[in-house]
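# Residue-level structure breakdown
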Amino acid sequence: MQVLPHVSRLGRRTATALGVLGAALTLTATSAVGANAAPQPDPQPLTIKPGQAYMGVGARIHEGSPAAEEPSRGLAPTDGVQGIDVSHWQGSINWASVRNAGIQFAWIKATEGTTYKDDRFNSNYVAAYNAGVIRGAYHFALPNASSGATQAAYFASNGGAWSRDNLTLPGVLDIEHNPYGAMCYGLSTTQMRTWINDFHTTYKSRTGRDVVIYTTASWWNTCTGSWTGMSSKSPLWVAHWTSASAPTIPAGFPTWTVWQYTSTGSVSGVSGNVDRNKFNGSRDRLLALANNT
């Protein structure tokens, strides 16, 4: 299986997917979000180094490329309350342009495991806030590296904190296919459930908030055994790269709160490809999530 380039997080994945999705975004939302022209592909390395993970990288490695995942017809769901997620792979971001392009919220990579802090987190987090983007932080989980409690504490101390200021979202646990090895990190479904619950419990004790869970249906159903134990506690952010009218969600969750509908989107202010997300509700409900009301 060929894995698409991680360096494309600086903006260049595949010409096919970009051409199709770029056309769809132009038709539906050019005036609203100021989409850039489709960038060109780069060479395609097969692996990433520890600390370089980002939302969706595990799915790309284990499940295939967006060219295969994202359909070649139909329009992307660029209506409603739109957001992005970013890490250092996007490079320097013009957050004022992002906000002016219609993007209302963003989650920004803060940490991975208990060793890595994203080197652009501090600048992105402050600049997004100053531009009026409702933003939060995310943690890329490595359940085989240390306990859920240990990683939640590291996250809360390195960007994952929360305050009721009308612009800060609760933190996100990015729990997905292992980009560095076995899909479920070598944990049984019981061990994985315990790990996730421990992360949630520690994060909530540190911040007062329920952590948002980012995952895919295939990973959750396989690695937690379609666990229902988080559905009443954590909002679901589901990754499903499709232009369908709704995503496929993991078993055990009644609905989705955020949908990552493409990994090859474009937004003014970001150089090249960026994940695009849709919030399941109005801006008032997004603010309610941010302010815990």
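In case you missed it, the structure is sitting above this.
Residues numbered from 1 in each chain as written. Predicted model: local features only at pLDDT ≥ 70, side-chain atom pairs only at ≥ 80, totals over all residues. Heavy atoms only, no water.

### Considerations on the environment of T111
Counting through the fold element by element, T111 comes out in strand β2 (residues 103–112). Residues T111 and Q151, spaced 40 residues apart in sequence, show a C-alpha to C-alpha distance of 8.9 Å. Once residues lying within four places of it in the same chain are set aside, the contact partners of T111 are Y116, K117, Y138, H139, F140, Y154, F155 and N158. A distance of 2.7 Å separates polar atoms of two side chains, one belonging to T111 and the other to H139. (Helix = DSSP H or I, 4+ residues; strand = E, 2+ residues; numbered from the N terminus. Contact = heavy atoms within 4.5 Å. Polar contact = N/O pair within 3.5 Å; in protein donor to acceptor, adjacent residues only side chain to side chain.)

### Let's talk about helix α7 (residues 189–207)
Counted at 1.5 Å a residue, the expected span for α7 with its 19 residues is 27 Å, and the 27 Å between its end C-alpha atoms agrees. For α7, the complete set of buried residues consists of M192, W195, I196, F199, H200, T202, Y203 and T207. Tucked inside the fold, the buried residues of α7 contact β4 (134–140), α6 (148–157), β5 (172–174), β6 (212–215) and α8 (217–223). Following α7 by one or two positions, G208 adopts a phi angle in the positive range, close to 80°. (Expected span 1.5 Å × (residues − 1). Buried < 20%, exposed > 50% of the residue type's maximum accessible area, 1.4 Å probe, protein only.)

### So, the environment of V270
As for its position among the elements, V270 is in the loop between β8 (258–265) and β9 (274–279). Measuring from C-alpha to C-alpha, the distance between V270 and S97 comes to 8.4 Å, with 173 residues separating the pair along the chain.

### Notes on the state of the cysteines
On inspection of all chains with the given rule, the structure shows 1 disulfide. A disulfide bridge connects C184 with C223, and the sulfur atoms are separated by 1.9 Å. When the S-S torsion is -75°, as for the bridge of C184 with C223, the disulfide is left-handed. Taken together, the residues C184 in the loop between β5 and α7 and C223 in helix α8 connect sequence positions 39 residues apart. Comparing C184 with C223 shows no difference in burial state: the two are buried. (Disulfide = S-S within 2.5 Å.)

### Concerning the packing of aromatic side chains
Summed over the entire model, instances satisfying the criterion amount to 12 aromatic pairs. Ring geometry for W107 against W237: centres 4.7 Å apart, planes inclined by 35°, an arrangement best described as tilted. With a gap of 130 residues between them, W107 in strand β2 and W237 in strand β7 (residues 236–239) connect regions that are remote in the sequence. Residue classification places W237 among the buried positions, given a relative accessible area of 0%. (Phe/Tyr/Trp six-rings, centres within 6.5 Å; stacked < 30°, edge-to-face > 60°.)

### Thoughts on the pairing of β7
Taking every second residue as pointing to the same face, both faces of β7 are buried, with L236 and V238 on one and W237 and A239 on the other. In this region the chain leaves β6, passes through α8 and returns to the parallel neighbour β7; the handedness of that crossover is right-handed. Bridge analysis of β7 against β8 gives 3 bridges, and the strand direction is parallel. The partner of W237 across the bridge, within β8, is V258. (Right-handed = clockwise from strand over helix to strand, strands pointing away. Pairing = 2+ DSSP bridges.)

Purely spatial values, then, with no claim about function.
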